[in-house]
Amino acid sequence: MSLPVRVRFAPSPTGYLHIGGARTALFNWLFARHHGGTFILRVEDTDTARNTQAAVDVIFQGLRWLGLEWDEGPQTSDPAGPSRGEFGSYFQSQRAGVYRRRLQELRDRHLAYDRDGAVYFRMTREPIAIPDLIVGDIVRPLTDREQADPDWVLWRSDGQPVFHFVNVVDDLEMKVSHVIRGEDHISNTAKHLALFRAFGVEPPRYGHIPLILNEDGSKMSKRDRGAVVTNYEDEGFLPAALVNYLALLGWSPADGQEQLSVPELIARFDLDRVNRSAARFDVKKLEALHFEHTRRLDPDAYVAQATPYLKRAGLALDSYPLAYVRAALLTTQEKGKRFRELPLWCDFYFTPDEAVTFEAEASTKALTPAAGPMLIQLSQAFDAVSEFTAAGLEAALKQRAAAAGVKVGALVQPCRVACTGRLVGPSLYHLLEVLGRERVRARLVRAAARCGSGG
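This report concerns the structure included in the present document. Computed from a predicted model, the values in this text were never measured in an experiment.

## Points about the overall build of the protein
Helices and strands together make up the secondary structure of the protein, namely 19 helices and 13 strands. By the compact-globule yardstick of 23 Å for 455 residues, the protein is too spread out, its C-alpha radius of gyration being 30 Å. Expressed as lengths along the three principal axes of its C-alpha atoms, the size of the protein is roughly 100 × 45 × 35 Å. In the protein, which comprises 455 residues, the proportion classed as buried is 51%.

## Regarding the environment of Arg33
Checked against the element boundaries, Arg33 lands in helix α1 (residues 19-34). In this structure, the C-alpha to C-alpha distance between Arg33 and Pro210, residues 177 residues apart in sequence, is 21 Å. Once you skip the residues sitting within four places of it in the chain, Arg33 turns out to touch Phe39, Glu69, Asp71 and Ile266. Within the local environment of Arg33, its side chain forms a polar contact with the backbone oxygen of Glu69, the two atoms lying 3.3 Å apart.

## Re the packing of helix α16 (residues 390-404) against helix α18 (residues 428-435)
Packing of α16 against α18 brings their axes to within 8 Å, and their N-to-C directions diverge by 120°. Two packed elements cross with a definite hand, and for α16 against α18 that hand is right-handed. When α16 is examined against α18, the residues Ala390, Leu393, Glu394 and Leu397 are found in contact with a partner set consisting of Leu428, Tyr429, His430, Leu432 and Glu433.

## Here we look at α18
Counting buried residues in α18 gives 6 out of 8 residues, a clear majority hidden from the surface. All of the buried residues along α18 are Leu428, Tyr429, Leu431, Leu432, Val434 and Leu435. Of the residues trailing α18, Gly436 is marked for its positive phi of about 90°.

## Comments concerning the nonpolar core
Residues Ile19, Leu63, Trp251 and Phe281 are the most contacted members of the largest nonpolar core, which totals 54 residues. When residues of this core are traced back to their parent elements, those giving at least two are β1 (6-9), α1, β2 (38-41), α2 (53-66), α7 (229-235), α8 (239-247) and α10 (283-295). Among the elements that line this core, the one with the most residues is α1, at 9 residues. For Phe281, the contacting residues outside a window of four places in its chain are Ile19, Ile212, Leu213, Asn214, Glu215, Met220, Gly226, Tyr232, Tyr245, Leu249 and Leu286. If you look at the next biggest cluster of nonpolar residues, it comprises 52 residues, including Leu310, Leu329, Val385 and Cys419.

## What to know about unusual backbone geometry
With glycine set apart, most residues show a phi of negative sign, and most peptide bonds adopt trans. Positive phi values are uncommon outside glycine, yet His110 reaches one of about 60°. By secondary structure assignment, the location of His110 is in the loop between α3 (96-108) and β5 (112-115). Although it is not a glycine, Lys175 adopts a positive phi angle of roughly 55°. Mapped onto the fold, Lys175 is located in the loop between α5 (163-173) and β10 (178-182). What makes Lys175 exposed here is its relative accessible area of 51%.

## A few points about the pattern of salt bridges
The full count for this structure, using the stated rule, is 35 salt bridges. The residue Arg338 makes a salt bridge to Glu235 at a minimum N-O spacing of 3.0 Å. Placement of Arg338 in the loop between α12 (322-330) and α13 (343-346) and of Glu235 in helix α7 is noted, with a sequence separation of 103 residues between them. Owing to a relative accessible area of 26%, Glu235 belongs among the partly exposed residues under this scheme. Asp353 is the partner of Arg439 in a salt bridge, and the nearest nitrogen-oxygen pair spans 3.2 Å. Highlighted residues: Arg439 in helix α19 (residues 437-452) and Asp353 in the loop between α13 and α14 (360-366), separated in sequence by 86 residues. Across the pair, Asp353 and Arg439 agree in class, each one buried. Each of Arg8, Arg42, Glu44, Arg95, Asp170 and Asp171 takes part in salt bridges that share partners, so that together they form one network.

## With respect to α8
For α8, the buried fraction is high: 8 of the 9 residues fall into the buried class. Within α8, burial applies to Pro239, Ala241, Leu242, Val243, Asn244, Tyr245, Leu246 and Ala247.

## Examining the pairing of β5
Two elements, β5 and strand β6 (residues 118-121), share 4 bridges in a ladder whose sense is antiparallel. Note that in β6 the partner of Asp114 across the bridge is Val119. With antiparallel pairing between neighbouring strands as the criterion, β5 and β6 make up a hairpin whose turn holds 2 residues, including Asp116 at a positive phi of roughly 55°.

## Some thoughts on the packing of α5 against helix α6 (residues 186-198)
Two elements in contact, α5 and α6, have axes separated by 10 Å at closest approach and are oriented at 55°. By the angle class used here, α5 and α6 are oblique. Note that α5 runs across α6; the crossing there is right-handed. In contact with Phe163, His164, Phe165, Asn167, Val168, Asp171 and Leu172 of α5, α6 contributes Asn188, Lys191, His192, Leu195 and Phe196.

## Here's the deal with the packing of aromatic side chains
The full count for this structure, using the stated rule, is 18 aromatic pairs. Ring centres 5.8 Å apart and planes at 55° place the aromatic pair Tyr232 and Phe237 in the tilted group. Given a relative accessible area of 2%, Phe237 falls into the buried group. A centroid spacing of 5.6 Å and a plane angle of 50° characterise the contact between Tyr302 and Phe339, whose relative ring orientation is tilted. One end of the pair, Tyr302, is in helix α11 (residues 299-312); the other, Phe339, is in the loop between α12 and α13, and 37 residues separate them in sequence. Like Phe339, Tyr302 is buried. The aromatic ring of Phe27 is capped on one face by Arg23, whose charged end is 5.3 Å from the ring centroid. The lysine or arginine in question, Arg312, covers the ring of Tyr309, its NZ or CZ lying 4.7 Å from the ring centre.

Conventions adopted
- Residues numbered from 1 in each chain as written.
- Predicted model: local features only at pLDDT ≥ 70, side-chain atom pairs only at ≥ 80, totals over all residues.
- Heavy atoms only, no water.
- Helix = DSSP H or I, 4+ residues; strand = E, 2+ residues; numbered from the N terminus.
- Rg over C-alpha atoms; globule rule 2.2 N^0.38 Å.
- Buried < 20%, exposed > 50% of the residue type's maximum accessible area, 1.4 Å probe, protein only.
- Contact = heavy atoms within 4.5 Å.
- Polar contact = N/O pair within 3.5 Å; in protein donor to acceptor, adjacent residues only side chain to side chain.
- Axes fitted to C-alpha atoms, helices over the stretch in contact; angles between N-to-C directions.
- Left-handed = near helix turned anticlockwise from the far one by under 90°.
- Core = buried A, V, L, I, M, F, W, Y, C linked by side-chain atoms within 4.5 Å.
- Salt bridge = Lys/Arg side-chain N within 4 Å of Asp/Glu carboxyl O.
- Pairing = 2+ DSSP bridges.
- Parallel < 35°, antiparallel > 145°, perpendicular 65-115°, else oblique.
- Phe/Tyr/Trp six-rings, centres within 6.5 Å; stacked < 30°, edge-to-face > 60°.
- Lys NZ or Arg CZ within 6 Å of the ring centre and 35° of its normal.

Written out as structure tokens, the structure is:
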């Protein structure tokens, strides 16, 4: 590209970071990274009645959780705090002087005038052509009302500038080369192009990306499932998996590959592969990508991601050696579960032997009177194993099943329930190895006694 790529994400802090806004930020970030350009964060907080500091904090937290660090913009969520970049504050609430100067420039050119206490822009009377990098060329004709009076407000009578004006001024001042935003903004683009030309400059190149719909095809609102980015962090999705999924909402690589790391996304992303049709949100596809990304995560990174969710659930991880915690968590990695679900898969590791609770269905199915003697015999077989490893325990259990003339499953299920309280969970032999000889013996004997009492 001939000009340096400079793109921006400009959210309004009036609520939570919507998944559509996060996708817009991601597309801009990927475009900048792919072309060696600059990604700018600008906070459009001129709506003082609706903006909140909490909403600003959520935006910053969400972007950083996704890994979308910006090259220019506020360093903190405080409008009075420091910024990176040459344009002063990147909060619009702090840029009133810039807007007044640009407003006066239009007045001096007789392109702005006062009416009813407000300042109006003298809009062109001709249809405006919008060259769009994604949608294609569009001609925006004037409506009947606009033909009669196409002028529009730049500065309201309450002394506040309107969105269209500050948006264009900031894009102009910050030398934005490309505006990548949702297609719901197409209706604004004619006004923006006319304003750029009124300032005597070439406008940025525009690309409007498709909307995100619910699975049923309805427009996604903030109340819909999956609409708020913080929910994904709370649920324990891997950020890289959500980034991967968001990239595929409206874009696809030429080779059709779907599981992509962030470096792979950067290498492949460009606007010519963005679709024109709306994208439907599919949580099952997101879960599948989370599963694949989680399974391939570096073990230490997996443990670091998982640990906070277990502590949040009240598990006393600090009471156990780090090596034990790490080994326990790694038995869950192949399951690819959301991190918020992990306590249900591994809380038995961090529960005293005498406090393991048995789910009702698990107890009924597995801890039958016939299972009691088999659990005692299995405990004795495990005690005879020289090395308490997954391989040795598997061999011992199969030998015990053969000696008893029963199928392996007749021992596997009671053993699992005895040690975990559940019918499902991590690989049995690996979880036994992690628990260790003494804890496994105690749990098998305790469960055997329960079997004798009728389960």
